[in-house]
Structure formats: structure tokens, C-alpha cells
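# Close look at the chain arrangement
Here's the letter readout for the chains.
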2 protein chains.
Amino acid sequence: MRPTTKDLAKAAGVSLATVDRVLNGRSGVREKTVKAVNAAILRIGFERNQVAATLARQRAYRFAFALPRFGDEFLDEIIDRIREFDRAGRAEMVEVDVIRLDDHDPHRAARTLSRLSAEDLDGVAIMAPGTPQIRDAILRMRERGIRTIPFIANQQLHGDEGFVGIYNRGAGATAGRLMGRFLGRLSGSIAVLTETTQSRDSLERRLGFDGVINRDYSNLKILPTLETHGDPGRTQHILRNALHAHRDIVGLYFMGAEARVPIEVSRVLTATNDRVAIAHERTPSTEHALKTGELDAVIHQDPGHLVRSAVRILRAKCENRTTLASQERIRTEILIAENI
Amino acid sequence: MRPTTKDLAKAAGVSLATVDRVLNGRSGVREKTVKAVNAAILRIGFERNQVAATLARQRAYRFAFALPRFGDEFLDEIIDRIREFDRAGRAEMVEVDVIRLDDHDPHRAARTLSRLSAEDLDGVAIMAPGTPQIRDAILRMRERGIRTIPFIANQQLHGDEGFVGIYNRGAGATAGRLMGRFLGRLSGSIAVLTETTQSRDSLERRLGFDGVINRDYSNLKILPTLETHGDPGRTQHILRNALHAHRDIVGLYFMGAEARVPIEVSRVLTATNDRVAIAHERTPSTEHALKTGELDAVIHQDPGHLVRSAVRILRAKCENRTTLASQERIRTEILIAENI
DNA sequence: CAAATTCTGAGGTACGCCCCTCAAAATGTA
DNA sequence: TACATTTTGAGGGGCGTACCTCAGAATTTG
């Protein structure tokens, strides 16, 4: 039988009340006693029964995802996964919710975070830039007893163990390698499209992509990044111009999270499928394009996994546990028509 | 507040005892009463609190993996993940164990399964061929109240919902596509190695691989599969012969689960890395070979995911729940140096 | 109609922990 | 030494469910 708190109390030579105080970090226990209890924990191999602990808490774990108010197809996907998790998690006493942040107004966003109370929230996964206001708001949340982890966007704060996100540089490098290998001995240029080059995602991906191509594929030349601003008309315009100005374009790299528009535009503009096209994120559009051959590969990070991983880590923080590292590593997946 | 069994009893106009009888499928309740309770469940949106239910069971969930006695590097990996899960799962009242089956002797294997009792086991994930003896043993286990799911190997039994396994045909096709694309316009032959062509894994992978190459890459010719029988000396011998007999070998496909020996041998035999080499399963050997460039891609299915998924499904069966389908789909991952 | 059978209700205990109160003991301070 | 303060012990109630017993009610059977 696994040792219980009662066994632990006996082993440590203290009462149940003291064991409880130590286990839950309550005050009013001498250092010496704390040490004695911890020693007993190791000695008898006590491990708190999380099932009983969760039940006794008298309330479900309540977590939230703080996400930007406006986003792309990929963000929608994440929100869907959060809702899905919420439905499935209720029987396990876990509730998750979505909070929208005005990412264009750091003050408002920070204020939104400031209003969150430990009364009705155990932890938050935050997807927001690391501006001073936001970083400050996060620190104050922590003081209030709300656990936080950076989600997708990293705020580079101290104590940010358990970042759940995307390794964009690696994702870009992966795209670069596939582009280089798929093109083989072919020479020519590669057009790169994204919504905006301002975002860190785009910067890092481009960095990874360039690194591989420039080092290993001297036959290929990467053109300056084209910005679509998410506008179909503009996308069509700039892509047509690019294809016209550079007759040797052999590869298309859709670097942004919103590949739908570029894919459609390039379908219209390109009669044949002989250019290698690579995009990011599995969405209905990219999935379909893979099947038809309009895309040759998609670099993907599973949003469901991101969500579940974030919740597991938040919960582990609440329970002073560590998680299975191998389970939390978010994979940079390569999708082709054969393995979607 | 979420409705509890007490609320349900009130809503259905019955006692707690009757609610309990219905929820846990005990006998001695009139059909009419069962219907009334079920109607009330839907009406008030009752959902059993799994945390409380698990605690009240007075014992942990006990699951087992029935695995072949002898296996390859990949099976070792799976066993490691099972042990790991067991350690991490104790706090959640889940215990998992490994049972070894004599896969060469269906009678003995069936007998081993027959000895398992519902007393000390809630469910088993079974990796065994679907021989009549084994299928029969599985059916009798189910009658005894032990939940079962096929694991990796499918026994094709009725009621096998929730197969956790590998889609070998797709994995082979994925390997084929990458081989074709990585080789580009190059012409030549592809050598295929595996431990034994007898296994269904090998058959299906080869089928998928051939399908893609033969349809789309007329410049490539696939040689007959070479069998290593896991013997380094023999591997070296047959690979040297093949490279000698077919000077035009441009691709190597290591189809088996044990790629270590073939990789080492081909390193010795091949001075340059200009042949495309693809293997299955991430292991220390294949990971290292990816980094050094001896392998160009690895097709992988995450063993940790396989294990966790199997446990989740078994547990859901015990609790009459369904699982999140999106979480249980085992991905055919493509690994290259940039995304390991 | 009575007897046998089936169904239901009432009540209890248990799981392992959280969280609370209050008094007693140990320690520190003047 | 007397007092204040800190630390500890003892005990209880609660979470929502599982599982048990036993008596009484409802239903079926002869």
C-alpha cells in the first residue's frame, strides 16, 4: 500500500496537522520540523495522492489562456482546441477559458491581466509580447498567487520554467532544408511571403531558413520577404510582380501563419505545380493544398498538443510537481501528402 | 455548481442507491427506472466526477501491456516509456505493468493471457498476432471483465474500438515519397534492408514504399528486399554484395525497426554520404546518424505517445467514456537533422 | 389471496486529502 | 520567574463517489 499522510505523520513523529502545514507550505512551522517531515517523505517514499487532493480542494482547477484579440487561422485553431479541452476536462475537475488581450495596446492588455484574481483563477498561459507593462503585470499576478507560463510568445521573464511554444528558428531551418532537398540540383530564386516582417515569428523563421539555404545550397537565391498584410488583392499584386521580375523562381515559402490566401493566389498565377511550395501550420487550407499538390510540405506544430501541454504544466506548478519532459516537447512536424 | 449524484437522485425521483445501481450497471433495477435516471442525466446535464470516482474505487487502475518476449530496439523503447509512465502515473492512481508473451508459441501466449484475472487487472493492451488461440483468449478475458485493446499489432476482433498502432503502409509511403523527392532527377537503384521479410510490418512498409516509387519515380528501381536477420556479419556481407552488383545504387532504405547495424555497416562500406538513406524509428543510433548526415530522414512514431494513448483509451473504456480522437491519432513523423 | 420474488430506499463506511478551530506545549523575551 | 509568542497536536467536517447491508415496498406468481 502506498504511504498516506497518516503514515507520513507517524514516520516523521509529528501530527497530521503539521504534515498538512508542511505539505501545503503553510506558515508557523519550525525549520527543524519542516526538515524532519521532508526527510520522512524521502525515507518512506511518500507521494501525495493527487486524486484525493484534487477532490478535497472543493473546486476545479481553473486555468485561462490569454490570447491576442486578433489573430490568424492558427490562433482560431488553438481556440478550438482550448474549447475542446474544456469540455473533456470538466470530469477531471479542470476548467479552461480564453481571455482576449489587446495586443496593440500594452497598457490595456496589462490592465486586463491585472484584473485577474487568484480567487477565480489558478493559472494563466500568456501569449503576449514581453513589453514592460505586460512583464510587470505578470510579475504582480505571480505575487497574487496565480501561476503563469509564457505561451507561444515568450516574455523572457525570470522563473519562466515551462515555456510552451514554438521553436521558430528550427521550423524555418526545417523548411529551408526541405526546400533545398526538394529542389535538388535546380538553380533559381525562392520567393518568401508573410503577413508582416515585423513579427518575431517571421524574423526567426526567416533566420532559420536563410541559414540552411545560404550555407548548403549555393544554387538557390532567396528574395527579400514579401509582405501581404493579409490582403488578398495585395498578395496577388506582389506575387505577380515577383514572378514577373524573377523568371527563375523555383520555390515558394509561405512563412506566415495564414497560408490560405497565398496558396489561392499562387494557384491562379501558376499554371503548373513544378515549383516547390512550403507553408507553415496545418489548417484546412494547407491540408487541402498538400493533397492537391499545390503545397509540397507543411511545417506544423500541433495546437492541441500546445494547449494540453500548457495545462499540464500549469497544473503541475499548482501541485509542485514536475512533468514528463518527453511529453511536453513540442515537435516541429513535417507534413507531406503521405503522412497527414 | 456541477450536479452531483445527489442532485441526480432528486431529479430522477429515486434514491442515491438506485442512482448508483444505474450508473455502475448493477443488476436489479427495472427498465423503467433505468430510463427515468438516464433521462434525468440528460436533463440536468449530470457528469460523473471522475476524480471522486477514482478515489472511491479504493484502488488504482491497473493496466498491463502484453508484449512479445523478444523484440528490437523499438520494443525496448516502448518498455522504457511504459516504466516511465508507471512512475509518473502513481500519483494519479494508475499503475501499468509489462507482461511478456511467447509470441512464437500461441498456445503458451494464450495461456498466459488466460491466467490474468479481473481481480488484479482492469485492462490490457495486447501486442500479439491474431491467431485463433489468442483471439479466443482475448474474448474470454473480456468476458471476465478485463478491457482489452490491440496494441501495435491488430487482432482484428469485433469490438476492438480504439486500436493504438502504427500505420505501416503510410509510413512506407512517406519514406518512398521522401526518397523520390530527395533523389530528384537522379536515376538508379534503391537497396531495401530489413531483419526479415516475414513480418507484417515489413510487408506493409514495402507495399507503401513501392507504391509511391513505382507510380511517381520511373527513374528509380527498387531492388529485392535484403534480409539481415539482425546479424552484423551477414548485413555487411549482403550489403557489400549488393553495392558491388548494382553500381547504380543511389538510395538505401532501412525498413526494419533495428537500423543500428545497417547504419554502421553502410558507414564502413560507403566512403561518401551522397546516397540518400532513410530509416524507421528514432533511436539513439538513428538520431546520431541524422546529425552526422549518414541518414537523411527517419520515419518515426512516438513510443511514448503510443503508451500514453493506450492507457488513456483503456481508462476511458473502464469509465465508459470516449477520448479526444484528435489526441489519439498516432502521427507518422518525419525527422531530419533540423527537427529532431 | 397469500406467498415468493424483485425492486427500491435509507443509511452507513470508506477513500486520502484540505482546511478549520482550539487548546496545549514549547520556545523566546523581559 | 512570569509573560508573550510561536509552534504543535487533536479533532472534526467536507469533497463526490463506490460499495455494502438490510428492511420495506412493489410487483409477480401460484
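Residues numbered from 1 in each chain as written. Chains lettered and ligands numbered in written order. Predicted model: local features only at pLDDT ≥ 70, side-chain atom pairs only at ≥ 80, totals over all residues. Heavy atoms only, no water.

Moving on to the pairing of strand S2 (residues 94–101) of chain A. Along any regular strand the residues' side chains alternate between the sheet's two faces. All names here are of chain A. With 6 of 8 residues buried, S2 lies mostly within the body of the structure. Here strand S1 (residues 61–68) runs beside S2; their pairing, made up of 8 bridges, is parallel. Looking at the pairing, alanine 64 lines up with aspartate 97 of S2. Read as a crossover between parallel neighbours, the route from S1 over helix H5 (residues 73–89) to S2 is right-handed. (Buried < 20%, exposed > 50% of the residue type's maximum accessible area, 1.4 Å probe, protein only. Helix = DSSP H or I, 4+ residues; strand = E, 2+ residues; numbered from the N terminus. Pairing = 2+ DSSP bridges. Right-handed = clockwise from strand over helix to strand, strands pointing away.)

Within the sequence span of helix H11 (residues 260–269) of chain A, burial applies to A:Val261, A:Pro262, A:Ile263, A:Val265 and A:Ser266. At its buried positions, H11(A) is contacted by strand S6 (188–194), helix H10 (232–245), strand S9 (249–254) and helix H12 (284–292) of chain A. (Contact = heavy atoms within 4.5 Å.)

This part is about the interface of chain A and chain B. Many analyses report the size of an interface as the accessible area lost when the parts associate. Contact residues are listed per partner, giving 44 residues for chain A and 46 residues for chain B. Ranking the residues of chain A by area buried against chain B places A:Val51, A:Arg181 and A:Glu338 at the top, with a combined share of 17%. Where chain A packs against chain B, one counts 6 salt bridges. Note that A:Arg331 is salt-bridged to B:Glu333, the shortest N-O span being 2.9 Å. Linking chain A with chain B are 16 residue pairs in polar contact (both at pLDDT 80 or more). Looking at the side of chain A that touches chain B, the elements with two or more residues in it are helix H4 (50–56), H5, helix H8 (168–183), helix H14 (325–328) and strand S12 (333–335) of chain A. In terms of residue count, H8(A) provides more of the side of chain A that touches chain B than any other element does, 7 residues in total. (Buried area = accessible area lost by both parts, 1.4 Å probe. Salt bridge = Lys/Arg side-chain N within 4 Å of Asp/Glu carboxyl O. Polar contact = N/O pair within 3.5 Å; in protein donor to acceptor, adjacent residues only side chain to side chain.)

Near DNA strand C you find 26 residues, and of these A:Thr5, A:Arg48, B:Thr18, B:Thr33 and B:Gln58 are the closest. At the protein interface, 74% of the atoms of DNA strand C within 4 Å belong to sugar or phosphate. Contact distances for DNA strand C include 3.2 Å between a phosphate oxygen and a side-chain N or O atom of A:Asn24. B:Ser15 is positioned such that a nitrogen or oxygen atom in its backbone is 2.8 Å from a phosphate oxygen of DNA strand C. For the surface near DNA strand C, the secondary-structure elements that each account for two or more residues are H4 of chain A together with helix H2 (16–23) and helix H4 (50–56) of chain B. (Near = heavy atom within 4 Å.)

What follows deals with the relation of the copies chain A and chain B. Each copy of the chain is related to the other by a rotation around an axis and a translation along that axis. Superposing chain A onto chain B takes a rotation of 179° plus a shift of 0.1 Å along the axis, which leaves an RMSD of 0.3 Å. In symmetry terms, the pair is related by a two-fold rotation axis. Most of the interface of chain A is mirrored in chain B, where 100% of its interface residues are also at the interface. (Least-squares fit on C-alpha atoms with pLDDT ≥ 70 in both.)

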